[in-house]
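Take a look at the letters that make up each chain.
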Amino acid sequence: MLTTITPGQKVPQDHPIRAVKEIVDRALLELSPRLGAMYSRVGRPSIPPEHLLKASLLIALYSMRSERQFCERLEYDLLFKFFLDQNIEDPAFDASTFSKNRARLLEHDVARWFLGAVLEEAKRRQLLSEEHFTVDGTLLEAWASLKSVQPRDGSGSPPPEGKNPSVDYRGQRRRNETHASTTDPDARLARKGGGKETRLCFAGHVLMENRSGLVVDVTVTQATGTAERDAALRMLRRRPRRHITLGADKGYDTQDFVAGCRALRVTPHVARNTGGRRSAVDGRVTCHGGYTVSQRVRKRVEEIFGWIKTVGGGRKLRYIGTARNQLWAELTAAAYNLVRMARIALKSQPDLAAV
């Protein structure tokens, strides 16, 4: 059958995906030289890296459970074909393409460069604050079961045979120093607080700018007792050295973290933890009105974690290892920024906002 209809003609003109696609295409154009250097000029034709990046964004934006499910939907979803610049008759690529090319994306740090390109577009639109930031962390459940936790010295009993066997580990003291998961050795036993269940987790950390609530940096680390503060200082060191403020909750109110912030010319607008001890944040910080503003605005970082865990699929991670989950986190953070920027652009156009 001969048809002259394109996928773009079937996507409504006021659909938010058009605003997202415009930003993505401009960011990928800037990354084109770097993406071109990833592939050889000889050999069989490969899937363009731009398609893989766009596909990863669609997986986050539309809460796809897996890459295989995405490839199945790409076969018939015209909106997906429009976003990937495909024609109606173009076949969907195989799901194994993601696995085969993930190592290449990791090697060239493409996800971080793409997140940076999105932030450059936000900077051109004057959406970024260069002086006021917020940091926070959360636990992300790993793709591993507690049944996979075994002693590091190999003294544990062999795993029982069969599918989903019953494992009784009551009475055993399992600690990260002595035990590890055989499924994902990078995952760590952690819990959110007293009385909460222990799970195999990673720690996710976000640095948010306070003007528009955009993610300017994201890091996935092992879930340790000091992971939040260590990751926060590491993300601050990647920022340009200038005087800034940093909002944070009570978990960051320690002498080491506050001293580390001051060494980086960062004013720690950290919530004071006065429960049975002396706070590291003194009156020189809390007496200013900016401290109150930072404490009010910092709660918006929870919206980022809420979106990443529900829409972005981060409540249960899909990948094994810190590096692969870092790649996922950077692409998902870029997807969140794209949605946020599209919404801001829509609010600035009254005619479209009324549609």
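Everything here concerns the structure above.
A brief report on the enclosed structure follows. Owing to the predicted nature of the structure, the values given are computational and were not obtained by experimental measurement.

## Focus on helix α3 (residues 49-61)
The terminal C-alpha atoms of α3, which comprises 13 residues, lie 18 Å apart, in line with the 18 Å expected from a rise of 1.5 Å per residue. Most of α3 sits inside the fold, with 12 of its 13 residues counted as buried. Phi turns positive one or two residues past the end of α3, at Ser 63, with a value near 50°.

## Structural notes on the state of the cysteines
The final tally for this structure, using the stated rule, is zero disulfides. Cys 287 takes part in no disulfide bond, and the closest cysteine sulfur, belonging to Cys 261, lies 18 Å away. The exposure class of Cys 287 is exposed, given its relative accessible area of 57%.

## Here's the deal with the nonpolar core
Formed by 97 residues in total, the largest nonpolar core has its most connected members in Ile 17, Phe 70, Phe 93, Phe 114 and Leu 246. When residues in this core are grouped by element, the largest group, 12 residues, is from helix α13 (residues 322-347). When sequence neighbours within four positions are dropped, the list of residues in contact with Phe 114 reads Val 24, Ala 27, Leu 28, Leu 31, Leu 57, Leu 331 and Ala 334. In this structure, Ala 190, Cys 201, Ala 203 and Ala 227 belong to the second largest nonpolar core, which totals six residues.

## So, the pattern of salt bridges
Inspection of every chain in the model, using the stated rule, returns 21 salt bridges. Between Arg 112 and Glu 330 there is a salt bridge, with the nearest N and O atoms lying 3.0 Å from each other. Remark: Glu 330 occurs in helix α13 and Arg 112 occurs in helix α7 (residues 110-124); sequence separation between them is 218 residues. For Arg 112, a relative accessible area of 24% corresponds to the partly exposed category. A relative accessible area of 3% places Glu 330 in the buried class. Put simply, Glu 22, Arg 26, Glu 30, Glu 121, Arg 124 and Arg 125 are held in one network by salt bridges that share partners.

## Points about the packing of aromatic side chains
Scanning the entire structure with this criterion turns up seven aromatic pairs. A centroid spacing of 6.4 Å and a plane angle of 45° characterise the contact between Phe 70 and Phe 93, whose relative ring orientation is tilted. On the criterion of sequence distance, the pair formed by Phe 70 in helix α4 (residues 67-74) and Phe 93 in the loop between α5 (78-83) and α6 (96-107) is long-range, its members being 23 residues apart. Here the two residues Phe 70 and Phe 93 agree in accessibility, since each one is buried. Taking 5.6 Å as the distance between ring centres and 70° as the angle between the ring planes, the aromatic pair formed by Trp 307 and Tyr 336 counts as edge-to-face.

## Some details on unusual backbone geometry
Phi at Ser 63 takes a positive value of approximately 50°, unusual for a residue other than glycine. Relative to the assigned elements, Ser 63 resides in the loop between α3 and α4. The exposure class assigned to Ser 63 is partly exposed, which follows from its relative accessible area of 38%.

## Details of the environment of Glu 120
Looking at the element boundaries, Glu 120 is found in helix α7. What makes Glu 120 partly exposed here is its relative accessible area of 39%. Separated by 93 residues in the primary sequence, Glu 120 and Ala 27 have C-alpha atoms spaced 8.4 Å apart.

## Structural notes on the packing of helix α8 (residues 227-237) against helix α9 (residues 255-263)
Closest axis-to-axis distance for the α8/α9 pair is 10 Å, and the angle between their directions is 0°. One finds that α8 runs roughly parallel with respect to α9. Seen from α8, the contacting residues are Arg 229, Ala 232, Leu 233 and Leu 236; seen from α9, they are Phe 257, Gly 260 and Cys 261. Residue classes in the contact of α8 with α9 are distributed as five nonpolar, one polar and one charged.

Calculation rules
- Here, residues in each chain are numbered from 1, in the same order as that chain's written sequence.
- Predicted model: local features are reported for residues with pLDDT of at least 70 only, side-chain atom pairs are reported and counted for 80 or more only, and whole-chain, interface and lining totals are derived from all residues.
- The side-chain quantities take in all heavy atoms of the structure and omit both hydrogens and water.
- Put simply, DSSP H or I for four residues or longer makes a helix, DSSP E for two residues or longer makes a strand, and each gets a number counted from the N terminus.
- Here, expected helix span is obtained from the residue count minus one, scaled by 1.5 Å.
- Accessible area is worked out with a 1.4 Å probe on protein chains only. A residue is then buried under 20% of its type maximum, exposed over 50%, and partly exposed in between.
- Here, a disulfide means two cysteine sulfur atoms that sit within 2.5 Å of each other.
- Definition of nonpolar core: a set of buried residues of the types Ala, Val, Leu, Ile, Met, Phe, Trp, Tyr and Cys, connected through side-chain atoms within 4.5 Å.
- By definition in these notes, contact holds between two residues if any of their heavy atoms fall within 4.5 Å.
- Salt bridges are counted wherever a side-chain nitrogen of Lys or Arg sits within 4 Å of a carboxyl oxygen of Asp or Glu.
- Two rings belonging to Phe, Tyr or Trp (six-membered ring only in the last case) form a pair when the distance between their centres is within 6.5 Å. Interplanar angles under 30 degrees mark stacking, angles over 60 mark edge-to-face geometry, and anything in between is tilted.
- Note on method: axes are straight lines fitted to C-alpha atoms, helices fitted across the in-contact stretch only, with angles between N-to-C directions ranging 0 to 180 degrees.
- The labels follow the angle: roughly parallel below 35 degrees, roughly antiparallel above 145, roughly perpendicular from 65 to 115, and oblique for the rest.
- Residues are sorted three ways: Asp, Glu, Lys and Arg are charged, Ala, Val, Leu, Ile, Met, Phe, Trp, Tyr, Cys and Pro are nonpolar, and all the rest, Gly among them, are polar.

Purely geometric numbers; function is a separate question.
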